[in-house]
Amino acid sequence: MISVKKFAYSLSLAALLGSVVACGAATDTADTTAEGGGEETAAATDGGSELEGSITVDGSSTVFPVSEAMAEEFQLANPGVRITVGASGTGGGFEKFCAGETQISNASRGVEQEEIDNCAENGIEMIEVPVATDALSVVVNNDNDWAVCMTLEQLNTMWGPEAEGTITNWNQVDPSFPDAELILYGPGTDSGTFDYFTEVVNGEGGASRGDYTSSEDDNVLVQGVEGDTNALAYFGFAYYFENQDRMKSVAIDDGSGNCVSPSPETVLAGEYTPFSRPLFIYVNATAYEEDPAVQAFVDFYLDPANEQFVADTGYVPLSGDLYEASLAAVKGGEIKSTAE
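What you see is a predicted model; the values in this text were computed from it and never measured. (Residues numbered from 1 in each chain as written. Predicted model: local features only at pLDDT ≥ 70, side-chain atom pairs only at ≥ 80, totals over all residues. Heavy atoms only, no water.)

K.L.:
Explain the pairing of strand β16 (residues 276-284) to me, please; I cannot follow it from the model alone.
P.N.:
Where a strand is regular, its side chains alternate between the two sheet faces. Summarising burial for β16: 8 of the 9 residues are buried, a large majority. Pairing geometry for strand β7 (residues 126-135) and β16, over 9 bridges, is antiparallel. Paired with Ala132 across the strands is Leu279, a residue of β16. (Buried < 20%, exposed > 50% of the residue type's maximum accessible area, 1.4 Å probe, protein only. Helix = DSSP H or I, 4+ residues; strand = E, 2+ residues; numbered from the N terminus. Pairing = 2+ DSSP bridges.)

Structure follows, in structure tokens:
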């Protein structure tokens with residue numbers, strides 16, 4: 001049996017400021033390459049300008065903005081390296097990763113045992129690395145003046161499998177809501193965000209009504225909500241952060257009557273529950289050990305000096321101590337998949 005040694009950390013302020021614990025196991029594509037000049041980043045690798053090669057990254061559309069920003073900055077300092085970043089969803093990314101088509105896989109959830117086994121069958125050993133914290137966001141149209149704060153029960157009424165073909169109006173979710181058609185947008189089934197949301201809201205990952213507009217491209221979901229007063233969607237915070245003038249976020253009842261909106265501040269305070277979650281990259285261990293370009297890029301990704309590129313997307317960076325601990329563990333081979 002194959003397992004993955006992982007970093008486990010809570011989403012509390014103390015953990016984000018530096019605690020790290022090692023524990024046991026558990027389509028749309030866009031490319032980015034940096035062009036032109038610009039200031040060299042503080043974390044340029046020694047001799048980085050002499051690096052050459054190509055790196056392929058794919059997977060979660062939620063993590064995509066972080067990897068895209070890191071790739072752009074890294075290529076400015078290392079123009080001989082071309083990095084392609086795709087967004088086929090967490091599940092789709094693992095399929096490519098386990099087939100040896102990518103060196104790095106973005107993931108908005110932890111790897112599943114089936115995916116670990118698939119990689120093992122193909123001789124792919126993976127390294128799991130947490131890189132940021134997300135505030136998964138439920139959003140509505142700017143003209144929506146009723147869905148200000150929602151409970152998990154209301155979201156379950158709206159998104160549960162039994163809602164398919166039955167819950168079609170807003171006032172069926174809550175009698176105080178208007179008698180208006182309920183229009184839903186959400187991630188596709190390859191998305192780690194889909195898995196996480198359905199686990200939290202419906203009690204089982206993958207359990208969801210199917211009669212909604214789905215896409216692995218979160219920008220499609222943004223456009224859907226922006227264009228329809230009666231629309232609601234959910235996706236990673238970066239896409240709300242980037243488009244907050246085009247939509248509203250819905251505050252989430254924390255279970256005790258407190259309505260909490262998604263933000264870096266509420267994540268750091270441990271208040272935005274249960275929609276705060278870790279984001280990961282998974283690295284091909286052999287590629288990291290043998291390809292200088294891959295090693296340099298992962299090292300760049302985990303350099304605390306570059307955490308601003310995470311913050312610029314709207315996500316919450318980990319602490320500098322945690323990034324340093326992650327990098328030390330990667331270099332020491334402490335968090336890679338192992339046969340049991």
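Having seen it, we continue.
K.L.:
Got a minute to help me understand the packing of helix α5 (residues 152-159) against helix α7 (residues 192-202) in this structure?
P.N.:
Helices that pack against each other are described as a pair by the angle of their axes relative to one another and the distance between those axes. Interaxial distance between α5 and α7 falls to 9 Å at its minimum, and their mutual angle equals 115°. When the axis of α5 is compared with that of α7, the two are roughly perpendicular. Two secondary-structure elements touch here, α5 through Leu152, Leu155, Asn156 and Trp159 and α7 through Phe197, Val200, Val201 and Asn202. Its residues assigned to classes, the contact of α5 with α7 shows 6 nonpolar, 2 polar and no charged. (Axes fitted to C-alpha atoms, helices over the stretch in contact; angles between N-to-C directions. Parallel < 35°, antiparallel > 145°, perpendicular 65-115°, else oblique. Contact = heavy atoms within 4.5 Å. Nonpolar A, V, L, I, M, F, W, Y, C, P; charged D, E, K, R; others polar.)

K.L.:
Please explain the nonpolar core as it appears in this structure.
P.N.:
Nonpolar side chains in soluble globular proteins tend to end up buried together. Counting 86 residues, the largest nonpolar core has Trp170 and Phe297 as the members making the most contacts within it. Ranked by residues supplied to this core, first place goes to helix α12 (residues 292-301) with 7 residues. In terms of nonpolar packing, the next biggest core, distinct from the first, is built from 11 residues, Phe94, Val111, Ile124 and Phe280 among them. (Core = buried A, V, L, I, M, F, W, Y, C linked by side-chain atoms within 4.5 Å.)

K.L.:
Teacher, can you tell me more about the side chain of Thr62 here?
P.N.:
On the secondary structure map, Thr62 appears in the loop between β4 (53-59) and α2 (64-77). Here the side chain of Thr62 touches Thr193 through a polar contact of 2.8 Å, side chain to side chain. (Polar contact = N/O pair within 3.5 Å; in protein donor to acceptor, adjacent residues only side chain to side chain.)

K.L.:
Sorry if this is basic, but what is going on with the pairing of β7 here?
P.N.:
The buried fraction of β7 amounts to 10 of the 10 residues, a majority that puts the element mostly inside the structure. For β7 and strand β17 (residues 316-317), the ladder comprises 2 bridges, and the chain directions are antiparallel. When the sheet's bridge partners are listed, Thr133 is paired in β17 with Val316.

K.L.:
Looking at this structure, I do not really get the side chain of Ser60. What am I missing?
P.N.:
Turning to its location among the elements, Ser60 is positioned in the loop between β4 and α2. Residues contacting Ser60, with those up to four places away along its chain left out, are Gly89, Thr90, Asn106, Ala107 and Ser108.

K.L.:
Where do I start with α7 in this structure?
P.N.:
Side chains that are three or four residues apart share a direction in an α-helix, a result of its 3.6 residues per turn. The element α7 is largely enclosed, with a buried count of 8 among its 11 residues. For α7, the set of buried residues is Gly192, Thr193, Phe194, Asp195, Phe197, Thr198, Val201 and Asn202. On its buried face, α7 sits against α3 (90-98), β8 (137-140), α5, β12 (231-235) and β16. A distance of 3.0 Å separates the backbone nitrogen of Thr193 from a side-chain oxygen at the start of α7, and that oxygen is part of Ser191. The first or second residue beyond α7 is Gly203, which carries a positive phi of 85°.

K.L.:
Can you help me understand the sheet that holds strand β5 (residues 81-85) in this one?
P.N.:
Picture the strands of a sheet paired through backbone hydrogen bonds; they go either parallel or antiparallel. The 6 strands lie next to each other as β5-β4-β6-β16-β7-β17, forming an open sheet whose pairing is mixed. Of all strands in the sheet, those with a lone pairing partner are β5 and β17, marking the two edges.

K.L.:
How should the packing of α2 against α12 be read in this particular structure?
P.N.:
Viewed as axis vectors pointing N to C, α2 and α12 meet at an angle of 115°, and their least axial separation amounts to 10 Å. Crossing of α2 over α12 shows right-handed handedness. Counting all contacts with α2, which are made through Val66, Ser67, Met70, Ala71, Glu73 and Phe74, the residues of α12 involved are Ala293, Ala296, Phe297, Phe300 and Tyr301. Tallied by class, residues from the contact of α2 with α12 come to 9 nonpolar, 1 polar and 1 charged. (Left-handed = near helix turned anticlockwise from the far one by under 90°.)

K.L.:
Got a minute to help me understand the sheet that holds β8 in this structure?
P.N.:
A sheet is described by the order of its strands in space; here 5 strands give the open sequence β11-β10-β12-β8-β13, paired in mixed fashion. Two strands close off the open sheet at either side, each with one partner strand: β11 (213-214) and β13 (248-249). Running at roughly 95° to strand β10 (residues 183-186), α5 makes contact with β8, β10 and β12 of the sheet.

K.L.:
How should the environment of Thr166 be read in this particular structure?
P.N.:
Inspection of the secondary structure assignment puts Thr166 in the loop between α5 and α6 (170-173). In sequence terms Thr166 and Arg209 are 43 residues apart; their C-alpha atoms lie 9.9 Å from each other.

Geometry only, nothing functional implied.
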